[in-house]
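The chain contents come next:
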Amino acid sequence: MLEIRGVTRRFGKTVAVKNVDVKIAEGEMVGVIGRSGAGKSTLLRMINRLIETSEGAITFRDLEVSKLRGTALRRWNRDCAMIFQQFNLVPRLDVLTNVLLGRLNHRPTAMNLLNIYSREERIQAIAALERLDIAHTALQQAGTLSGGQQQRVAIARALMQEPQMILADEPIASLDPLNAKVVMDSLADINARDGITVITNLHTLDTARHYCSRIIGMAHGEVVFDGTASELTAAA
Ligand code: ADP
Ligand code: ADP
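The structure presented is a predicted model; accordingly, all values stated were derived computationally and were not measured. (Residues numbered from 1 in each chain as written. Chains lettered and ligands numbered in written order. Predicted model: local features only at pLDDT ≥ 70, side-chain atom pairs only at ≥ 80, totals over all residues. Heavy atoms only, no water.)

Before going further, it helps to spend a moment on the overall build of the protein. A tally of regular secondary structure across the protein gives 9 helices and 10 strands. For the protein, the C-alpha radius of gyration of 18 Å lies close to 18 Å, the compact-globule estimate for 236 residues. Expressed as lengths along the three principal axes of its C-alpha atoms, the size of the protein is roughly 50 × 40 × 35 Å. Residues counted as buried form 51% of the 236 residues belonging to the protein. Put simply, of all contacts in the protein between residues at least 6 apart along the chain, 70% involve residues at least 24 apart. Here the protein displays about 11400 Å² of accessible surface, and carbon together with sulfur accounts for 52% of that area. Measuring between centres, the 28 positive side-chain charges of the protein sit 6 Å from its 25 negative side-chain charges. (Helix = DSSP H or I, 4+ residues; strand = E, 2+ residues; numbered from the N terminus. Rg over C-alpha atoms; globule rule 2.2 N^0.38 Å. Buried < 20%, exposed > 50% of the residue type's maximum accessible area, 1.4 Å probe, protein only. Contact = heavy atoms within 4.5 Å. Areas by Shrake-Rupley, 256 points an atom, 1.4 Å probe, with all protein chains shown as cover. Lys, Arg positive; Asp, Glu negative; His and termini not counted. Charge placed at Lys NZ, Arg CZ, Asp CG, Glu CD.)

As for its placement among the helices and strands, A128 is situated in helix α5 (residues 119-131). Linking A128 and E162, residues 34 residues apart in sequence, is a C-alpha distance of 11 Å.

Let's shift gears to the site of ligand 2. Near ligand 2 you find F11, T14, A16, R35, S36, G37, A38, G39, K40, S41 and T42, and these make up its full shell. G37 places a main-chain nitrogen or oxygen 2.6 Å from an oxygen atom of ligand 2. Between ligand 2 and A38 there is a distance of 3.1 Å, counted from an oxygen atom to a backbone nitrogen or oxygen. Protein coverage of the free-state accessible area of ligand 2, which is 560 Å², stands at 57%. Elements with a contribution of two residues or more to the shell around ligand 2: β2 (14-24) and α1 (40-47). With 3 residues, the top contributor of residues to the shell around ligand 2 is α1. In terms of residue class, the shell around ligand 2 is made up of 3 nonpolar, 6 polar and 2 charged. (Near = heavy atom within 4 Å. Polar contact = N/O pair within 3.5 Å; in protein donor to acceptor, adjacent residues only side chain to side chain. Nonpolar A, V, L, I, M, F, W, Y, C, P; charged D, E, K, R; others polar.)

In this section: unusual backbone geometry. Keep in mind that most residues, glycine aside, have a negative phi and that most peptide bonds are trans. Of note in this structure, F87 is not a glycine but carries a positive phi near 70°. Its place among the elements puts F87 in the loop between β6 (80-83) and α3 (95-100).

Moving on, we come to the sheet that holds strand β3 (residues 29-33). With mixed pairing, 6 strands are arranged side by side in an open sheet as β6-β7-β8-β3-β9-β10. Both outer strands of the open sheet, β6 and β10 (222-227), are each paired with one neighbouring strand and no more. This sheet shows a mean twist of 20° between the axes of neighbouring strands, independent of strand direction. Packing of α1 onto the sheet brings it into contact with β3, β6, β7 (165-169), β8 (197-202) and β9 (214-219), and relative to β7 it is tilted by some 150°. Of the strands in this sheet, β3, β7 and β8 are in contact with helix α7 (residues 177-194), which crosses β8 at around 155°. (Pairing = 2+ DSSP bridges. Axes fitted to C-alpha atoms, helices over the stretch in contact; angles between N-to-C directions.)

Before going further, it helps to examine α7. Taking 1.5 Å per residue as the helical rise, α7 with its 18 residues ought to reach 26 Å, and the 25 Å between its terminal C-alpha atoms agrees with that figure. Elements that come into contact with the buried residues of α7 comprise β3, α5, α6 (147-160), β7, β8 and α8 (205-211). (Expected span 1.5 Å × (residues − 1).)

Moving on, we get to the environment of V90. Examined against the element boundaries, V90 turns out to sit in the loop between β6 and α3. For the pair V90 and E52, spaced 38 residues apart in sequence, the C-alpha separation works out to 25 Å. Residue contacts for V90: discarding those within four places in its chain leaves N98, L101 and A142.

Right, let's get into the sheet that holds strand β5 (residues 63-64). Across the sheet, which stays open at both edges, the 4 strands sit in the order β2-β1-β4-β5 with antiparallel pairing between neighbours. In this open sheet, the two edge strands, each paired with only one partner strand, are β2 and β5. Judged from the 7 bridges that link them, strand β1 (residues 2-11) and β2 form a sheet pairing that is antiparallel. By the bridge assignment for β2, V7 is matched with V20. Helix-sheet contacts for α1 involve β1, β2 and β4 (55-60), and the interaxial angle to β1 is about 120°.

Given below as structure tokens:
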């Protein structure tokens, strides 16, 4: 269970996220919707500690996320995989290496520097690529792939982390409708079959309705709606 209690984040005078209270159970698929600037991205980034909270607490299974340091923080960065709008791959490295980078926080730094991966890890990385239907790109430079393919590599990298939770920040905002469907279907499949909690920012309500069992609406940093798709329809 992830619990966000009284969380606020300020950037100077801007209040990006304002006193948010949300509890998310394991295995949920949650869509966070709202206009650009509503605070969605800031909220996700506080969960995985890309940015710190100004006030309040985020806990996961009774662990206070904002207090994690050192090894515990590395462990959290494993448990909590992130998918970005712009994929955030290393464009000059090949696809397989990008997927193996999902192991970064599982290993001593020296092994990362020396680029040492076990046979099992390579097999697991290829299996992840196969699951996303892009194993044939394994040896290509990641930067040469289409946007839809790159996002699938990013999902394979997330799987390689063996996470408890996937946080996706506008995962389909840069994709055409066909690739957007493939990417959302993949996230839904990972949620359903692997039981991994998925929290995804989306800017189209239709996508959230279609894929998410729960929708959180944000405006001006605050949660203005929290319920199921049908409750949202009833409220509108
Ligand atoms: P989004 O599509 O989420 O609205 P933005 O273009 O607003 O993305 O933001 C892109 C990046 O710039 C984010 O990492 C965000 O944290 C950062 N950012 C957004 N607004 C500001 C700002 N006023 N000053 C500095 N950085 C900002
Ligand atoms: P969303 O993801 O819903 O588009 P964001 O969380 O990116 O919203 O932004 C919420 C607010 O916080 C916006 O007003 C944005 O400009 C501001 N903001 C986000 N990141 C930064 C930053 N790094 N520095 C300053 N302001 C920021």
